[in-house]
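For reference, the chains in residue letters:
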Amino acid sequence: MQAEHLEIIDFLRRHQPFATLSEETLAKVATEVEISYFKSGTQILEFGQLTESLYVIRSGAVEIYRRNGDLYNRLSEGGFFGEFALLRHKRTRFPAVALEDTLIYLIPEETFTELFEENELFADFVEVEDRTRLRQTVARKEDANELMTSEINVLVTREAIMLDTRATAHEAAKRMSEEGVSSLLILHHTDAPGHPDDADSPTHPVMAGLITDRDLRNRLLAKGLSYDTPVTDIMTTDLIHVEHSQLVFEAMLAMLRYNVHHLPVLKHQQPIGVIALSDIIRYESQNSLFVVSSIFRAQTVEELKGLVSEVRACFTRMVREDANSRMIGSAMAVIGRSFKQRLLELGEEKLGPPPVPYCFLALGSMARQEQLIVSDQDNAMILDNSFDPDKHDAYFLKLAEFVSDGLAACGYTYCKGDIMATNRTWRKPLRVWEQYFTEWIDKPTPKSLLNSSIFFDLDGVWGKTEWADRLNRLINRKTRHNSIFLACMARNALLRTPPLGFFKDFVMEPSGQHTQSIDMKRRGTAPLADLIRVHSLAVGSKSRNSFERLKDIINADILPHGRGQDLRDALEFISTVRIRHQALDLEAGNDPDNRIEPENLSDFERKNLKDAFQILSNAQKFLKYRYQPGRVN
Amino acid sequence: MFYIGKEDVKSEESGSTGKGDRLDWAKRFEELASRTRHPQLKAYYEAGAVAADTPIEQVPMIAMDFETTGIDASRDDIVSIGLVSMNLHRIRLRDARHWILKPRTDLREESVVIHGITHSEVEAAPDLKRILEELLEVMAGQVIVVHHKGIERNFLNAALKRRIGEGIEFPVIDTLELEARLHRRKPPGFIDKLFGREKVSIRLADSRARYHLPHYRPHDALTDALASAELLQAQVATRFSKTSPVADLWS
């Protein structure tokens, strides 16, 4: 009679990588298991020892060491080791010692190899390199979610239909009918040689405007104009456009924000097509993002406050629908930004027009488009250089207070470090801001940068946003080759370190100490964003989003091969876990925070988080090495 | 009557005490082989037993567990047998066996509740006699590991007498007895009673827990055999040396 090992099967079924196997396969694997007991303190595997099995911990705990004697990992029930050796030279790379009395189930090499070769999920899970495992995790999630992570490229199914500025309305209508399109791009073919923008290619056409069905109806027929009216008279100019590599949902947000139904798509400054709202609706995405338009319709702070529950619902819905962290961060940033913009509009209505021009700034995670549901309001104001404190500051203080109190009412807590426009220090004329940055960059100390590094992620939200661009250009110019400044920034980026991993229901620190919970922002996403910022300043990247910055860093080729991609995967995974747990808090009716208790993590999350923390830790070591003071980069 | 070594512990049913020579199963098997008539049983004895001074780490073993219709070997019979092959370093499930058997006495409701083997299952099952050859082949040359040898030793002996007219003897390492040596050196005294000190349980699950072995659901012959196998590895790792002679453990 075929022996059926119920206890073994039950155990395997509960743990990865076996949980992915069919019942039939599990039963067969169970009959091939070997078992061994190791008393606490016994060496299970020695360095260089020949391994002929995968070691799975049935009970007890095991410590895995690096060759140099550093603790590499501590595993408990369900943990496995020995896969490195099995998949490589069959010599043990990481010695293992029983930390407690431990019972091991051994999966013999033949069985392991068969499982590895015939079960893709099993193979993915035990894959040789930790970082590879994380890559596959992230990639598989993205596959499942193709619509929401697609770039605008995929919507551009045909070339843009274009017409010259010299055409008439009739010609335009004829062309639209022939092509069966609802919009036409109008191009201006400049022949003027020596035009500064076209110095290299004088015949490059310039996008002049867009004409749609609705324009023909409203601006031509309804007004009884002649068919020979030039298209330039009825077209829409000052076009809002999107880049081909932006995400589909970003195009949707742009349409919502500017209330337009057609967006030209540019690639290298040249139009490659036009996407319509209907193209996006076909992608049937997050209707929840219509919350943005509700924000702009709100007439009072009370009404804005009433939208908080919709914002939270939108967040949990996106999480449930498996949106990736970049989308969620970006959507939440757009929502936060919209709150600010609407509050400033309402504030100006209440207080009257500003006495001098100003620019309202978003700082930190909002500027990086990485905002989540739990967020401080970090903001500041740039005032016109003609600003006279005695005459004007009372107005801007009131406006700043109005916005800040309004944001607090809408769930964006006051910044504990008082980095808000209500603080006089952060409500200054442009020239003072320029002095601030010059001082920080030219005479950096780790202490001064500790408080001011948040200003290195800044974005203009309202008013003279070009001033924000100007500050960003100044930062770019002054930091890029400034090794002393970069070394200071790098030192600050190393202050927050990741934990080693998890052990039972504890977070394990590199010292071997245990703690009850982990702050996923402080120990994960924040140090990642910090170190990405240092590299991005070093390569002169103009991006602010960490994923965008990573692209620039990868292109600049300053990291060892593959490490940029690893960082991207690590950031994505840590962010995803953080987001998912905030959504769980919200669904359970709790106040969401950034703390996670390991008991609430799945095996899968633990394993991948450990990998992600390892990547972060290695990246910090590299950062330290690369930006040593005095090292020429 | 068996001497169980220098630990000199009164075992629950062997009833023997005192220091003496090491129990020599190899010699005993020679004697038994010469006087046994049944060919399969004779072959079993002829396969021999390991020498008494063999270090435990070199001893091939089979962990064995029975589920029975009751606890009286003279009246009750075996309903299932679980066997797991092992040595001190590895327990190998690949060679495990598990049989459901048709007992020659009625399956009593109380026992069904314990082991969960039903009347219809045993109706379709073979008699022990049909698997005897295979059973003896698996046992040949091996030391048998059990938890509470009163069951496996007495029941197999009685079952064979009933079927082939001859009983069986075999060397056993009893994990219960090894626990008893540690926890039952003397009966609880007045002081123990005064302070309400309980007798330490030496049941399989409780013994395993002391070595931090996981909980397995009891009363499946195969799982119980595996549970005893793991317990023996833990006991030896904790209290013996890999080179201890097998005679220090067997009986």
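Since this is a predicted model, take the numbers as computed values, not measurements.

A.B. asks: Mind showing me how you'd approach the confidence of the model for chain A here?
C.D. replies: Keep in mind that low pLDDT regions are not for reading the predicted coordinates in detail. Residue and element names in this part refer to chain A. Taken residue by residue, chain A gives an average pLDDT of 84. The fraction at 70 or more is 90%. Scored below 50 in pLDDT, residues 192-202 makes 5 contacts in the model with residues more than four places away or belonging to other chains. For residues 284-288, every residue scores under 50 in pLDDT, and the model assigns this stretch 11 contacts once sequence neighbours within four places are set aside.

A.B. asks: Would you explain the interface of chain B and chain A in this entry?
C.D. replies: Note on interface size: it is often stated as the accessible area lost on association of the parts. Each side of the interface is counted separately: chain B has 25 residues, and chain A has 21 residues. If you list the elements that add at least two residues to the side of chain B that touches chain A, you get strand E3 (91-100) and helix H10 (221-239) of chain B. With 9 residues, the top contributor of residues to the side of chain B that touches chain A is E3(B). Considering only residue class, the side of chain B that touches chain A consists of 12 nonpolar, 6 polar and 7 charged. As paired strands, strand E1 (residues 34-38) of chain A and E3(B) are joined by 2 bridges and run antiparallel to one another.

A.B. asks: Hey, could you run me through the sheet that holds strand E19 (residues 427-429) of chain A in this one?
C.D. replies: Paired through their backbone hydrogen bonds, the strands of a sheet run either parallel or antiparallel. All names here are of chain A. What the 4 strands build is an open sheet, ordered E19-E17-E15-E20; its pairing is mixed. The open sheet is flanked by E19 and strand E20 (458-463), the only strands paired with a single partner. Strand after strand, the sheet turns through a mean of 30° between neighbouring axes, direction not considered. Pairing between strand E17 (residues 379-383) and E19: 3 bridges, direction parallel. Directly across from Ile-382, in E19, lies its bridge partner Lys-428. Relative to E17, helix H17 (residues 389-409) is tilted by about 155°, and along the sheet it contacts strand E15 (358-363), E17 and E19. Packed onto the sheet, helix H18 (residues 430-442) meets E17 and E19 and runs at close to 100° relative to E19.

A.B. asks: Quick question: what am I supposed to make of the packing of helix H2 (residues 39-46) of chain B against helix H5 (residues 128-139) of chain B here?
C.D. replies: Helix packing for two helices is described by the angle between their axes and how far apart those axes are. All names here are of chain B. For the pair H2 and H5, the least separation of the axes is 9 Å and the interaxial angle reads 5°. Between H2 and H5, the crossing angle belongs to the class labelled roughly parallel. On the side of H2, the interface is formed by Gln-40, Leu-41 and Tyr-44, while H5 contributes Leu-132, Glu-133, Leu-136 and Met-139. Partitioned by chemical class, the residues of the contact of H2 with H5 number 5 nonpolar, 1 polar and 1 charged.

A.B. asks: Would you take a moment to explain the nonpolar core for this structure?
C.D. replies: The tendency in soluble globular proteins is for nonpolar side chains to be buried as a group. Core analysis: the biggest nonpolar cluster contains 132 residues, and Leu361(A), Met381(A) and Val534(A) have the highest contact counts within it. Examining the composition of this core, we find that 10 residues originate from one element, helix H16 (residues 325-351) of chain A, more than from any other. Taken domain by domain, this core gets at least three of its residues from each of domain 2 (155-246 + 265-273) and domain 3 (309-475) of chain A. Core analysis: the second largest hydrophobic core is formed by 102 residues, Ala85(A), Ala96(A), Phe125(A) and Leu204(B) among them.

A.B. asks: It is not clear to me how the sheet that holds strand E10 (residues 183-189) of chain A should be interpreted in this structure. Could you clarify?
C.D. replies: All names here are of chain A. Taken in spatial order, the 3 strands line up as E9-E10-E11 in an open sheet, and their pairing is mixed. Because the sheet does not close on itself, it has two edges, and the strands there are strand E9 (162-164) and strand E11 (205-212). Pairs of neighbouring strands in the sheet enclose a mean axial angle of 35°, with direction left out of account. The pairing of E9 with E10 spans 3 bridges and is parallel.

A.B. asks: Explain the packing of helix H1 (residues 6-14) of chain A against helix H2 (residues 23-32) of chain A here, please?
C.D. replies: Residue and element names in this part refer to chain A. Where H1 contacts H2, the two axes come as close as 9 Å, and the packing angle between them is 120°. On the basis of their axis angle, the class for H1 and H2 is oblique. For the element pair H1 and H2, the recorded crossing hand is right-handed. The residues of H2 that touch H1, namely those facing Ile-8, Ile-9, Leu-12 and Arg-13, are Leu-26, Ala-27, Val-29 and Ala-30.

A.B. asks: Please clarify how unusual backbone geometry should be interpreted in this entry.
C.D. replies: With the exception of glycine, the majority of residues adopt a negative phi angle, and the majority of peptide bonds are in the trans configuration. Looking along the chain, the bond that leaves Gln16(A) and enters Pro17(A) is cis, with omega of 5°. Tracing the backbone through its elements, the reader meets Pro17(A) in the loop between H1 and H2. We note that His219(B) has phi near 70°; this positive angle belongs to a residue other than glycine. Mapped onto the elements, His219(B) comes out in the loop between helix H9 (204-210) and H10.

A.B. asks: Would you take a moment to explain the pairing of strand E8 (residues 102-108) of chain A for this structure?
C.D. replies: Every regular strand shows the same layout, with side chains that alternate between the two sheet faces. Residues and elements named next belong to chain A. Taken across its 7 residues, E8 has 6 buried, putting it largely inside the fold. Judged from the 5 bridges that link them, E1 and E8 form a sheet pairing that is antiparallel. The partner of Ser-36 across the bridge, within E8, is Ile-104. Sheet analysis places strand E3 (residues 53-59) next to E8, joined by 6 bridges and oriented antiparallel. Following the sheet pairing, Ser-53 is matched in E8 by Pro-108.

A.B. asks: For this particular structure, what's the right way to read the environment of Tyr625(A)?
C.D. replies: Residues and elements named next belong to chain A. With respect to the helices, strands and loops of the structure, Tyr-625 is situated in helix H25 (residues 603-626). For Tyr-625, a count of 10 C-beta atoms within 10 Å corresponds to the exposed category. Sequence spacing of Tyr-625 and Ala-487 is 138 residues, and the spatial spacing of their C-alpha atoms is 9.7 Å.

Thresholds, definitions, all that
- For every chain, the first residue of the written sequence is number 1, and numbering continues from 1 onward in sequence order.
- Chains and ligands are labelled by the order in which they are written, letters from A for the one and numbers from 1 for the other.
- Whole-chain, interface and lining totals are the exception, using all residues; otherwise, since this is a predicted model, local features are given only for residues with pLDDT of at least 70 and side-chain atom pairs are given and counted only at 80 or more.
- Values of pLDDT, which run from 0 to 100, indicate the predictor's confidence residue by residue.
- Contact between two residues is assigned whenever their backbone-derived C-beta positions fall within 7 Å.
- In this description a helix means any DSSP run of H or I spanning at least four residues, a strand means any run of E spanning at least two, and both kinds are numbered starting from the N terminus.
- The residue classification treats Ala, Val, Leu, Ile, Met, Phe, Trp, Tyr, Cys and Pro as nonpolar and Asp, Glu, Lys and Arg as charged. All others, Gly included, are polar.
- Being paired, for any two strands, means DSSP has found at least two bridges between them.
- A fitted line through C-alpha atoms serves as each axis, taken over the contacting stretch for helices, and the angle formed by two N-to-C directions is quoted from 0 to 180°.
- For classification purposes, an angle smaller than 35 degrees is called roughly parallel, one larger than 145 roughly antiparallel, one from 65 to 115 roughly perpendicular, and anything else oblique.
- Here a nonpolar core is just a set of buried residues of the types Ala, Val, Leu, Ile, Met, Phe, Trp, Tyr and Cys, joined wherever their C-beta atoms sit within 7 Å.
- Every C-beta atom is placed from the backbone, and the number of other C-beta atoms within 10 Å of a residue's own sets its class: buried at 20 or more, exposed at 12 or fewer, partly exposed in between.
- Note that the domain bounds reflect an automated or database-derived domain assignment.
- Helix crossings get a hand from a simple test, with the near helix turned counterclockwise from the far one by less than a right angle marking a left-handed crossing and a clockwise turn marking a right-handed one.

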